Amino acid sequence: VYGHRPFLVLADRLTRAGIATLRFDDRGTAGSTGVFEGATTEDFAKDALGAVDFLQSQNLPISGVGLLGHTEGGTAGMIAASREDVAFLVLLATIGIPHDDLLISQSVTALKNAGTPESLIRIDTQYTRSLYRNMRKWEPDAPDTVTVRQTLDEFYDKSDLIRTRFRSQRSFYEGQMQLMTSPWFHYYATFIPENFLAKVNCPVLAINGGEDIQVVADTNLEAINRILNKNPGNKEHTVMKLDGLNHFFQPAEGVIAHEYGLIMTTFDEGAMDAIADWILSVGE
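All chains use their own residue numbering, which begins from 1 and follows the written sequence. Two thresholds apply to this predicted model, a pLDDT of at least 70 for residue-level local features and 80 or more for giving and counting side-chain atom pairs, whereas whole-chain, interface and lining totals are computed over all residues. Side-chain descriptors were evaluated using all non-hydrogen atoms of the structure, hydrogens and water having been removed beforehand.

Trainee: What is the right way to read the pairing of strand E4 (residues 237-242) from this model?
Mentor: For a regular strand, the rule is simple: side chains alternate between the two faces of the sheet. By the convention used here, strands pair only if DSSP detects at least 2 bridges between them. Segments assigned H or I by DSSP are reported as helices when at least four residues long, segments assigned E as strands when at least two residues long, and all are numbered from the N terminus. Where strand E3 (residues 204-209) lies against E4, six bridges are found, and the strand directions are parallel. Looking at E4, one finds that alanine 206 is bridged to valine 239. Handedness is read with the strands pointing away from the viewer; a crossover is right-handed when the path from the first strand over the helix to the second is clockwise. Taken together, E3, helix H11 (residues 217-230) and E4 form a β-α-β motif whose crossover is right-handed.

Trainee: It is not clear to me how the packing of helix H1 (residues 6-16) against helix H12 (residues 269-282) should be interpreted in this structure. Could you clarify?
Mentor: When two helices pack together, their arrangement is captured by the angle between the axes and the distance separating the axes. Geometry is summarised by axes, namely lines fitted to C-alpha atoms with helices restricted to the contacting stretch, and by angles between N-to-C directions that run from 0 to 180 degrees. Axis separation between H1 and H12 bottoms out at 10 Å; the angle between their running directions is 50°. When the axes of H1 and H12 are compared, the pair comes out oblique. As for how H1 packs across H12, the hand of that crossing is right-handed. On H12, the residues touching Val9, Leu10, Arg13 and Leu14 of H1 are Glu269, Met272, Asp273, Ile275, Ala276 and Ile279. Note that Gly is not counted as nonpolar here; it falls among the polar residues with everything else outside the nonpolar set of Ala, Val, Leu, Ile, Met, Phe, Trp, Tyr, Cys and Pro and the charged set of Asp, Glu, Lys and Arg. Of the residues belonging to the contact of H1 with H12, the class tally is seven nonpolar, no polar and three charged. Orientation categories follow fixed angle ranges, with anything under 35 degrees roughly parallel, anything over 145 roughly antiparallel, 65 to 115 roughly perpendicular, and all other angles oblique. By convention the crossing between two helices is left-handed if the near helix lies anticlockwise of the far one by an angle smaller than a right angle, and right-handed if it lies clockwise. Whether two residues are in contact is decided by their heavy atoms: any pair within 4.5 Å suffices.

Trainee: Looking at this structure, how should I read the sheet that holds E4?
Mentor: Picture the strands of a sheet paired through backbone hydrogen bonds; they go either parallel or antiparallel. Taken in spatial order, the four strands make up an open sheet running E1-E2-E3-E4, and their pairing is parallel. Of all strands in the sheet, those with a lone pairing partner are strand E1 (67-70) and E4, marking the two edges. Between one strand axis and the next, the sheet turns by 10° as a mean value, whatever way the strands run. Pairing between E1 and strand E2 (residues 89-92): four bridges, direction parallel. The residue bridging histidine 70 from the neighbouring strand is leucine 92, located in E2.

Trainee: Help me out: how do you make sense of unusual backbone geometry in this one?
Mentor: With the exception of glycine, the majority of residues adopt a negative phi angle, and the majority of peptide bonds are in the trans configuration. Even without being a glycine, tyrosine 2 presents a positive backbone phi close to 50°. Mapped onto the fold, tyrosine 2 is located in the segment before H1. One non-glycine residue, alanine 93, adopts positive backbone phi at about 50°. Relative to the helices and strands, alanine 93 is located in the loop between E2 and helix H4 (99-113). Taking the relative accessible area as the measure of exposure, alanine 93 reaches 0% and is therefore buried. Classification of residues uses two cut-offs on accessible area relative to the type maximum, computed with a 1.4 Å probe and protein chains only: under 20% is buried, over 50% is exposed, and between them is partly exposed.

Structure follows, in structure tokens:
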């Protein structure tokens, strides 16, 4: 990731603390089997449970098998950890709010940073939210083309921003439909963490960097904490914001705070200590 190997560094730190680790490549990468193209976050959750099953089939001196994932990996962990034999779940910079809300928030931030007028941002938000909400009602192989076409046509007519990006209504419609009917994007954009996290009864650690601009710590940690507090089956969970760290748990300082490849530190030592200490505490 941007020239760093954060999972290698974190796995080494956990191993040194006495926590056995198993890292595996994405499906279809290097030695991993399966096909990545067309896979969804739900498929990645099944891959994670395959790793759990593998470890449980080995004659290893371990007390339990937990899952740790970053961002979408944490989302896959939420899905997988509803299975009773998952011992714990660590969510690194993981989304707690509905994913369409996150995508809209990220779009608004990007538009503001680009100096886009507020009037155009409001139009973009209005129609994008309408499209995402509509996506929840259909599957990728059976889209609501009538409603989507009407919404996209209105969007194109009212947004100077969209007309500068797409040369015609047809190209705009075709491009958006290709994205919205992509199995991965459709599943991701319509994902509601509460539907899965509310079923997780194992101990949970949710940890974010305080300077994360991709998955904002306060918003998402508060959502995760609220969901887990409502779950009568989850008696042990911790949310932790680490000030001064970015999305990849690197020190966020100066003008390169979010230029991940330019920061020398791969993974903050304090963050790794916090993760290791928590895992060891739930294993006691």
